Number of protein chains: 2
Amino acid sequence: MAFERLSILGVGLLGGSIGLALKSKSSHYHITGYGHRSETLAKAQEQGAIDQFSTDVTEAVRDADLAILCTPVGTFEDLLRRIGPALNPGTVVTDVGSTKRSICRAAERALPAGVHFVGSHPMAGSEQRGIEAARADLYRDALCITTPTGRTDPTAVRQVESFWQDLGMRITRLTPEDHDRLLADASHLPHALAAALVLLQSDQSLAVAGKGFLDTTRIAAGDAGLWRDIFQDNSDNLKDSIRRLRQHLERLETMLEPAKAKELLHWLNQAARKRHSRDGT
Amino acid sequence: MAFERLSILGVGLLGGSIGLALKSKSSHYHITGYGHRSETLAKAQEQGAIDQFSTDVTEAVRDADLAILCTPVGTFEDLLRRIGPALNPGTVVTDVGSTKRSICRAAERALPAGVHFVGSHPMAGSEQRGIEAARADLYRDALCITTPTGRTDPTAVRQVESFWQDLGMRITRLTPEDHDRLLADASHLPHALAAALVLLQSDQSLAVAGKGFLDTTRIAAGDAGLWRDIFQDNSDNLKDSIRRLRQHLERLETMLEPAKAKELLHWLNQAARKRHSRDGT
């Protein structure tokens, strides 16, 4: 029932960490890595994240029980089209992408009947990147969102969820639509604001920026290519998040008058209390 | 030349940490604390941050060489008016406030000739508060901005800067006007955005928010009263910062179209590079 032959497509921080986590648990996994660069793949093999590798993706997924897409979101549709014909019936495909509507649609179009796609978004990672940053405990105690649709095979969903749970993750199920809407608020907008906040600074203001600024903008140091894909793929939701952020800022501006000190205090208190509700997580 | 008899007005995180830092360096300081609540003052005395205390501010500054205002920014003008008549000629007064124009103006109005005010903004602190969070190393390796004006006594400036340097701080001098303008971008806007970002979330999106969101919004858990005072005192600059933030977001929105993928990548790369320029700080 559990997967034994895995293909990890993309062995950077996320893909590499899956390999390291599995290998640290058991030697019965056989893991094949795929990527563009043999050098990266060789490094992943050396680190023990994968057993073997290929720069040919159809080669890399041959006889896999589970194929996991760990490349940037913008590459998914093309990858699915290329691996579709090479997968055996019964193979399960999942991913680690930060958006879910487009890959769920693409999987339904590109994968043959009998191959089961289950969308996953393990919420791990950092502003670091690459196999060098991979580690066996990256996924432990983090949240993984799965996004089965009405057409998703229920057994495959359970198998994929067990897979992430075995890596130490908690599971929440959402529709692809709810996922992308909620993540625009909780992840994509924060990233957009962090980037805008950095770009707004002059050399002078950057020089006097303290711990608060550095915490607030840490995520802006993340990989630009990954985030370009995410922003473009989820642009409708992100625009809506920006629109609502603007409304909050407009409201704030009305409260900067001396006569509105009480309302401003209430606004800031509400924010502090709400943020405290996620303390210790 | 160095100060020996100090009055710390407000013995919370910032004031208490000054006391602890001085006491950890030398026993020759004599420190008097002032505050509203005897209970807090007694706790500060117990922790060794102050030698004695009074809830009467004129009593608390009697015979001080240096009086440091460590209460919220909104209380400064009233405090200065109350301590002015009680200070001996030659006394130096400074503060730890996050805005500088208003206190520098208020000090010129409220303090008698011969009493020297030097504005300070030691950039330490956290989302924690109160004497319980105070620690002797809070100021070490952090930046302190001093804001002398054309009317500030040069000897007093040097004395106050030495004082902060003895606590382990680096010094940058700015005019009060430049300080408030730069800090609106580097500190007050990040705080406003963090609060808006928290308030924008639904229970559902808050539940799936990960490490990026938590880092980005940590400062929103800070003390609402302190930040109300700061926002109101620096409202003109903060409004201008919000206006420019809006321009960056508008620009971002134009880059969410598929045809603008390259521009978006450039925008994100610029932000990542700029943020990396403050890495390790």
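Heads up: these notes are all about the structure in this document. (Residues numbered from 1 in each chain as written. Chains lettered and ligands numbered in written order. Predicted model: local features only at pLDDT ≥ 70, side-chain atom pairs only at ≥ 80, totals over all residues.)

### Some remarks on the pairing of strand E4 (residues 66-69) of chain B
All names here are of chain B.
Turning to step 1, where the next piece is worked out: Residues of E4 alternate between two faces, with Leu66 and Ile68 on one and Ala67 and Leu69 on the opposite face, all of them buried.
Turning to step 2, where the next piece is worked out: Two elements, strand E1 (residues 5-9) and E4, share four bridges in a ladder whose sense is parallel. Of the residues in E4, the one forming a bridge with Leu6 is Leu66.
Turning to step 3, where the next piece is worked out: Tracing the backbone out of E4, into helix H4 (residues 76-83) and back to the parallel element strand E5 (residues 92-95) gives a crossover that is right-handed. (Buried ≥ 20, exposed ≤ 12 C-beta atoms within 10 Å, placed from the backbone. Helix = DSSP H or I, 4+ residues; strand = E, 2+ residues; numbered from the N terminus. Pairing = 2+ DSSP bridges. Right-handed = clockwise from strand over helix to strand, strands pointing away.)

### A word on the packing of H4(B) against helix H5 (residues 101-110) of chain B
All names here are of chain B.
Turning to step 1, where the next piece is worked out: In contact at an axis separation of 9 Å, H4 and H5 are set at 20 degrees when each is read in the N-to-C sense. Regarding the angle of H4 to H5, the classification is roughly parallel. Crossing of H4 against H5: the hand is right-handed. Facing H4, whose interface residues are Phe76, Glu77, Leu80 and Arg81, H5 presents Ile103, Ala106, Ala107 and Ala110. (Axes fitted to C-alpha atoms, helices over the stretch in contact; angles between N-to-C directions. Parallel < 35°, antiparallel > 145°, perpendicular 65-115°, else oblique. Left-handed = near helix turned anticlockwise from the far one by under 90°. Contact = placed C-beta atoms within 7 Å.)

### Let's talk about helix H1 (residues 13-25) of chain A
Residues and elements named next belong to chain A.
Turning to step 1, where the next piece is worked out: Between its first and last C-alpha atoms H1 spans 18 Å; for 13 residues at 1.5 Å apiece the expected length is 18 Å, and the two agree.
Turning to step 2, where the next piece is worked out: The buried count for H1 comes to ten of 13 residues, which makes it a mostly enclosed element.
Turning to step 3, where the next piece is worked out: Within the span of H1, buried status applies to Leu13, Leu14, Gly15, Gly16, Ser17, Ile18, Gly19, Leu20, Ala21 and Leu22.
Turning to step 4, where the next piece is worked out: Elements in contact with the buried residues of H1: strand E1 (5-9), strand E2 (30-34), helix H2 (38-46) and strand E4 (66-69). (Expected span 1.5 Å × (residues − 1).)

### Thoughts on the nonpolar core
Turning to step 1, where the next piece is worked out: By size, the foremost hydrophobic cluster in this structure holds 196 residues, and its most contacted members are Leu9(A), Ile68(A), Leu9(B) and Ile68(B).
Turning to step 2, where the next piece is worked out: With residues up to four places along the chain from it excluded, the contact list for Leu9(A) reads Tyr34(A), Val57(A), Ala60(A), Ala67(A), Ile68(A), Leu69(A), Cys70(A), Thr71(A) and Leu79(A). (Core = buried A, V, L, I, M, F, W, Y, C linked by C-beta atoms within 7 Å.)

### Here we look at the sheet that holds strand E9 (residues 170-173) of chain A
Residues and elements named next belong to chain A.
Turning to step 1, where the next piece is worked out: With mixed pairing, three strands are arranged side by side in an open sheet as E7-E8-E9. At either end of the open sheet lies a strand with only one pairing partner, and these are strand E7 (120-122) and E9. Direction aside, neighbouring strands of the sheet carry axes that sit 20 degrees apart on average.
Turning to step 2, where the next piece is worked out: Pairing of E7 with strand E8 (residues 143-146) involves three bridges; the strand directions are antiparallel.

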